[in-house]
Amino acid sequence: MRVPVSWLRDFVDVPVDARALAETLAMRGFETASVDDRPAPPAPPWGPGAAGAGDAVIDFEITANRPDCFSILGLAREVATTWRLPLRTPGAAPGLERQPLGVGESDVVGVTIEDPDLCPRYAAAVADVTIGPSPAWLAARLEAAGVRPISNIVDITNYVLMEIGHPTHAFDLDRLGGHALRIRRAKPGETITTLDGVQRTLEPEMLVIADAARAQAVAGVMGGAVSEVSSSSRRVVFESAYFTPTSVRRTSKRLGLMTEASARFERGSDIAAPLVALERIAALLERLGAGRVVGPVVDRYPAPRGPVTIHLRRERLASLLGVRVDDEDVVRIFRGLGLDIVPAADGWSVTVPTFRVDLVREADLIEEVGRHYGYDRLPPIFPAPASPPAAPDPRVARDGQVRRVLLAAGLSEAFTYSFIEQRAHEAFGLADEAEVVAIANPLSGKFEVMRRSLLPGLTDALAHNRHHQRRDVRLFEVGACFSASAGEVRKAGIAWTGAASDDHWSGTRREVDFFDVKGLVERLGEVLGVPLAVEPAAAPMLVPARAARIVVANPPFAWPALGLLGQLLPAVAEARGLPAADAVYVAEIDLDGVWAVRQALDRAAGTTAEAVAPLPRFPSVVRDVSVLVAAGLPASEVRGTILANRPGGLVDVAFFDRYQGKGIPEDRVSLSLRLTFRAPDRTLTDAEVQRAMDEIVALLAREHGAVQR
Amino acid sequence: MLDADAIERLRAEFLALLNGATTDRDLQGVRDRYLARKGGVIAGLMKEVATAAPADRPRLGQLANRLKTEIEEQLAGRRDALAAGRPVAGAVDVTLPGRVPPLGRRHPLTRVRDRMETIFTRLGFTIVEGPEAEDEFHCFDALNMPASHPARDMQDTLYLASGMRGEAWTPTGPRTHEAQAADIRTLLRTHTSSMQVRYMQTHEPPVRIVVPGRVYRRDNPDLTHSPMFHQMEGLLVGEGISLANLKGTLLAFAREMFAPSSRLRFRPSFFPYTEPSAEVDISCWACDGAGCQQCKGTGWLEILGCGMVHPAVFEAVGYDPEKYTGFAWGMGIERVAILRHGVDDIRLFFENDLRFLEQFPV
Ligand SMILES: [Zn+2]
């Protein structure tokens, strides 16, 4: 809302310069986009509002709840309240004249409201006019306010619009078929060419102003070209109405047409303003010598609405603001804002005029007092807690722990977009339409579907860094993934390419491999309190035989896979902009799933889960053994076989070597195991340990055809 | 004939020889030449002193002894200097880089969020999180924004093409599959305020929570806009909670988060779910309010929106607005990170360029 300060002076004697005015009103809720100085405009006939060499235009940002301040008058009211100054209202001062108009039936124009829900009030006045240019002072004011002057009649309606905030419209009466104004819904398929020259197709949801034959204006949005006031117009009918905000908003949105009028009607105009606006128009016609109103105003207002009265309690005011405001201040503020206030039980009874559509309950009134009392005068008081704080969301600590582990492993944290292109899902084999959650109104193809996985985004982040001369990139992200069947699930994703560790002068470089990423998965399982294992599995995005799924190790209950890991297919990496020659290892874990397992395990274990075991009292014996087994046999099966039988005194099985090559048959692999034996009640003898070793070798021979080396 | 000059010549000769000694061997040679018991220069000098005229003897003896001491000291110093410059078996070059354990970088948005969480936890707030996929009730209707409300225009929303099952979590833990399936989400939350509603629906007052999280708007990415960003919502509900309490809470936060001298400025504003509402500016920490480039000369930086919870919100969640009052605020995490670190392009936060990420302290 562009406000020339000189125009404001019609209503109130602004006591400060434009910048001070802007700063002060900002603290009353009216932010300023700009303050522009301009030369003194041509003075209006009733004399310059203030002596001075120049003027300024302040561009205020009006919040959606204050349509009354989409006007010079509305802001003048705020100025008057702020500086405790008298406000000159329309009809009460030079330059603000209202020409009293009688209300009755017109013998020239017929006005019918056919849909009073969408148009609760419609007033019209006929005038004989002489079209011409506006005087310089009026044109200058409109221009300063950002409105282009057109002709005296159109300019008068715009002047009143800016001045008191009420939109009106002038029709060329002689272009209205049957001299009729029918306020009705559009007919299906009905069209209108609006003032901007665009032909628009209307819908029955939309309200129009029609003559006997067709739509002549889109109600509250824009007039039609046919009945537009032109240089040949002799008689016009001025419309001054109240349209239902939701209807105007819907129509404006559907047509993609936002106007000065629609902006005001959709936020809520003053239902008492139509007659005032016509009386201002009549006075301006006279002042400009542009014509005169003939006959009475036709005022269709089937269900008149009055002001609303709200009870304001003194105690409530004090307790919500946290400060006691003097009664005189309360009364002064409301009177200044144009509200009636009288004492009532334990407070006041406040009557809200129809132009303040935002004031509907007590809290709204308290804001008005706070606003003009000044938020800066409220003391800052830290509120004492009334109870101990509630337990935090366990995900916060969990995710923090995951972050710390991965950071300490040398991975940096990425934040990637939650929406990705479906093509990325396709590359990763995640494009299943039944699972993908698409965005109905995406901004672009790049952000069209919700990610099912963190890995496409992380891979793109690797590619970005690779394109900026970083060959070694280790990233992770903790974030939500979305799918139709699982809903919103928090996951941790890892993507790693290049060196396994930071380069150092002392060592040789090793490239990342499967076991680097697997190690991270195992470490995460450890810190999250869920032993995780991986088992071979295929995934469309992963290199076969370097792919695995993450499962709960030795689960006491059935549980679905909790994620996957492996080497990204070179074709997938390439599709996302990485060189196919770079090995990229990825992993993804469902953190919510892991957490659910953890809780189930805790429930199963009871409270003893964290109890400390006594330290062993007798020494353990360690023996190594190497066996040849089939090359395709997973090491975990060998270990599983031993642990399942657990011959006397065995407490641990570890692998310390896996060898294939010279001296080993081609389809075989040599596994070296380190076995630890211990008894709780005595030191084991060599003979006992040897017996157990023999048993294990025999067991492996039987189960896996293993041969001791 | 022995005299002081002769002793001084011996001294000069010694120093020249010492300077030429660059190895232990050289040094041993010099030592032998001067200090050998038999045939050494000093031994010879002492004999000469003993045979000098009795009147000169004490003075010459003194000079000779002084020269002997000096030679011993110089030789020892030279020996130490040579030893220092020589590699010792098993020596390390301590100036080579150490083997630093790998350490990744926290994302700058996580750093800011962690700091805020620490402060608010200390102020007695509980951290909770909420779902990013939401329904219209929690995101709008319950926040006093019915379908017809013009405020829904203020934030252009991204909608899901098909309803999605709710998240697997509630504020108190995992939920059943049945409950999850009955709960259908249709949009991406435009603010973390939706979690106010979820939390109040499931908890009785008093409430003191902060809700960090990801939010979405239908904005094309540019220098200052992103279709995805992060907020931290705060909500405090109790009996007798006032706007003055809101000021006290935010001031305590600001002084720890930004600068101990921070001041706040509350400007009246409008949000559908608070009444009264305010925008809050913080005094610029770069210039302490004097005006500088960061604050564009105003001395203030806009930092968050807040207000007293609208009674209609309490009604929507089943709290008695007569008994309880409270306040809420919403703060942009990117906004704080941008101000703190002078980031000039919001898109940098989502490019994950290590050259950017590695600039932030661990
Ligand atoms: Zn500054």
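Residues numbered from 1 in each chain as written. Chains lettered and ligands numbered in written order. Predicted model: local features only at pLDDT ≥ 70, side-chain atom pairs only at ≥ 80, totals over all residues. Heavy atoms only, no water.

Details of the packing of aromatic side chains
All names here are of chain A. Applied cut-off: Only the six-membered ring of Trp is used, alongside the rings of Phe and Tyr, when aromatic pairs are assigned; centres must lie within 6.5 Å, and planes under 30 degrees apart are stacked while those over 60 apart are edge-to-face, with the rest tilted. Counting from the N terminus, the helices are the DSSP runs of H or I reaching at least four residues and the strands are the DSSP runs of E reaching at least two. Burial here depends on accessible area, computed with a 1.4 Å probe over protein chains only, as a share of the maximum for the residue type. Under 20% is buried, over 50% is exposed, and the range in between is partly exposed.
Following the criterion strictly, the structure yields 25 aromatic pairs over all chains and no others. An angle of 90 degrees between the planes, with centres 5.8 Å apart, marks the rings of Trp 137 and Tyr 159 as edge-to-face. On the criterion of sequence distance, the pair formed by Trp 137 in helix 4 (residues 136-144) and Tyr 159 in helix 5 (residues 152-164) is long-range, its members being 22 residues apart. Tyr 159 carries the same exposure label as Trp 137, and that label is buried.

Notes on the coordination of the zinc ion
All names here are of chain B. Operational definition: Distances decide who is a donor: an N, O or S atom must be within 2.8 Å of the metal, or within 3.2 Å for Na, K and Ca. Water is not included, so sites may look incomplete. Square planar and octahedral sites, with four and six donors, are those where opposite donors lie more than 155 degrees apart and all other angles lie between 65 and 115, tetrahedral sites have four donors with every angle between 85 and 135 degrees, and the rest are irregular.
In this structure, Cys 284 (SG), Cys 287 (SG), Cys 292 (SG) and Cys 295 (SG) serve as the protein donors to the zinc ion, at separations of 2.2 to 2.3 Å. Note that the zinc ion binds four donor atoms; their angles at the metal cover 106 to 112 degrees, and the shape is tetrahedral. Read in sequence order, the donor residues coordinating the zinc ion give the pattern C-x2-C-x4-C-x2-C. Owing to a relative accessible area of 17%, Cys 287 belongs among the buried residues under this scheme. When its relative accessible area of 3% is taken as the criterion, Cys 295 is described as buried.

A short note on the pairing of strand 24 (residues 542-552) of chain A
Residues and elements named next belong to chain A. Operational definition: At least two bridges found by DSSP between two strands are what make those strands a pair.
Sheet analysis places strand 23 (residues 532-536) next to strand 24, joined by five bridges and oriented antiparallel. Across the sheet, the residue bridging to Leu 532 is Val 552, located in strand 24. Where strand 23 folds back onto strand 24 in an antiparallel hairpin, the turn is made up of five residues.

Considerations on the packing of helix 5 (residues 108-122) of chain B against helix 10 (residues 243-257) of chain B
All names here are of chain B. Short version of the rule: A fitted line through C-alpha atoms serves as each axis, taken over the contacting stretch for helices, and the angle formed by two N-to-C directions is quoted from 0 to 180°. When an angle is under 35 degrees it counts as roughly parallel; over 145 it counts as roughly antiparallel; between 65 and 115 it counts as roughly perpendicular; any other value is oblique. Less than a right angle of anticlockwise turn of the near helix away from the far helix marks a crossing as left-handed, whereas a clockwise turn marks it as right-handed. Two residues form a contact once any of their heavy atoms are found within 4.5 Å. Three residue categories are used. Nonpolar comprises Ala, Val, Leu, Ile, Met, Phe, Trp, Tyr, Cys and Pro, charged comprises Asp, Glu, Lys and Arg, and polar comprises the others, including Gly.
Close contact between helix 5 and helix 10 brings their axes to 10 Å; oriented N to C, the two are set at 130 degrees. Comparing their axes, helix 10 and helix 5 come out oblique. The element helix 5 and its partner helix 10 pack so that their crossing is right-handed. For the pair helix 5 and helix 10, the contacting residues are Val 112, Arg 115, Met 116, Ile 119, Phe 120 and Arg 122 in the first and Phe 253, Glu 256 and Met 257 in the second. Grouping the amino acids of the contact of helix 5 with helix 10 by side-chain chemistry returns six nonpolar, no polar and three charged.

Structural notes on the sheet that holds strand 23 of chain A
All names here are of chain A. Strand order in the open sheet formed by seven strands is 18-21-22-26-25-24-23, with mixed pairing between adjacent strands. Each edge of the open sheet carries a strand with a single partner, namely strand 18 (412-413) and strand 23. Where helix 12 (residues 394-408) meets the sheet, it contacts strand 18, strand 21 (473-483) and strand 22 (487-497), and its direction lies at approximately 155 degrees from that of strand 21.

Things to note about the interface of chain A and chain B
Heads up, the rule is: Defined in terms of a 1.4 Å probe, buried area is the accessible area two parts forfeit on being brought together, summed over both. Just to be clear on terms, a salt bridge is a Lys or Arg side-chain nitrogen sitting within 4 Å of an Asp or Glu carboxyl oxygen.
Each partner contributes to the interface: chain A provides 96 residues, whereas chain B provides 102 residues. Interface area, chain A with chain B, both sides summed: about 8,000 Å², of which 57% is carbon and sulfur. The three residues of chain A that bury the most area against chain B are Tyr 375, Phe 415 and Leu 443 of chain A, which together make up 10% of that side's buried surface. Taken together, the connections running from chain A to chain B amount to six salt bridges. With eight residues, the top contributor of residues to the side of chain A that touches chain B is helix 12 of chain A. A per-class count over the side of chain A that touches chain B returns 47 nonpolar, 21 polar and 28 charged.

Considerations on the layout of surface pockets
All names here are of chain A. Where we set the bar: As defined here, a cavity is a set of points on a 1 Å grid over the protein atoms alone where a 1.4 Å probe fits but cannot get out. A pocket is an open set with protein on both sides within 12 Å along at least five of seven lines, and residues line them when an atom is within 4 Å of a point. Grid points are joined across faces, edges and corners, and a volume is the space filled by probe spheres set on the points. All the domain ranges listed were derived from an automatic or database domain assignment.
Approximately 1,400 Å³ is the volume attributed to the second largest pocket. Together, 35 residues line the second largest pocket, and Lys 518, Val 534, Pro 634, Ala 635 and Ser 636 are the ones closest to its centre. Elements with a contribution of two residues or more to the lining of the second largest pocket: helix 15 (514-528), strand 23, strand 24, helix 18 (635-645), strand 28 (650-659) and strand 29 (668-677). Here the element with the most residues in the lining of the second largest pocket is strand 24; it accounts for six residues. Along the lines of polarity and charge, the residues of the lining of the second largest pocket split into 23 nonpolar, four polar and eight charged. If you count residues domain by domain, the lining of the second largest pocket takes at least three from each of domain 4 (394-605) and domain 5 (621-708).

As for the domain arrangement of chain B
Domain boundaries in chain B define domain 1 (4-84) and domain 2 (108-131 + 195-357). Once you take the C-alpha centre of each, domain 1 of chain B and domain 2 of chain B turn out to be 82 Å apart.

So, the domain arrangement of chain A
Along its sequence, chain A is carved into domain 1 (2-82), domain 2 (110-300), domain 3 (308-373), domain 4 (394-605) and domain 5 (621-708). With centres defined by C-alpha atoms, the gap from domain 2 of chain A to domain 5 of chain A works out at 94 Å.

A short note on empty space enclosed by the protein
Summed over all chains, the structure comprises three cavities of 30 Å³ or more. There is about 350 Å³ of room inside the largest cavity. Taken together, 27 residues make up the lining of the largest cavity; nearest its centre are Val 478 and Arg 490 of chain A together with Arg 113, Glu 132 and Arg 214 of chain B. For the lining of the largest cavity, the secondary-structure elements that each account for two or more residues are helix 12, strand 21 and strand 22 of chain A together with helix 5 and strand 7 (207-216) of chain B. The dominant element in the lining of the largest cavity, judged by the number of residues it contributes, is strand 21 of chain A, at four residues. Along its surface, the second largest cavity is lined by 13 residues, and Thr 63, Asn 65, Arg 66 and Arg 371 of chain A together with Ser 269 of chain B are the ones closest to its centre. Of the residues contributing to the lining of the second largest cavity, the split by class is three nonpolar, four polar and six charged.

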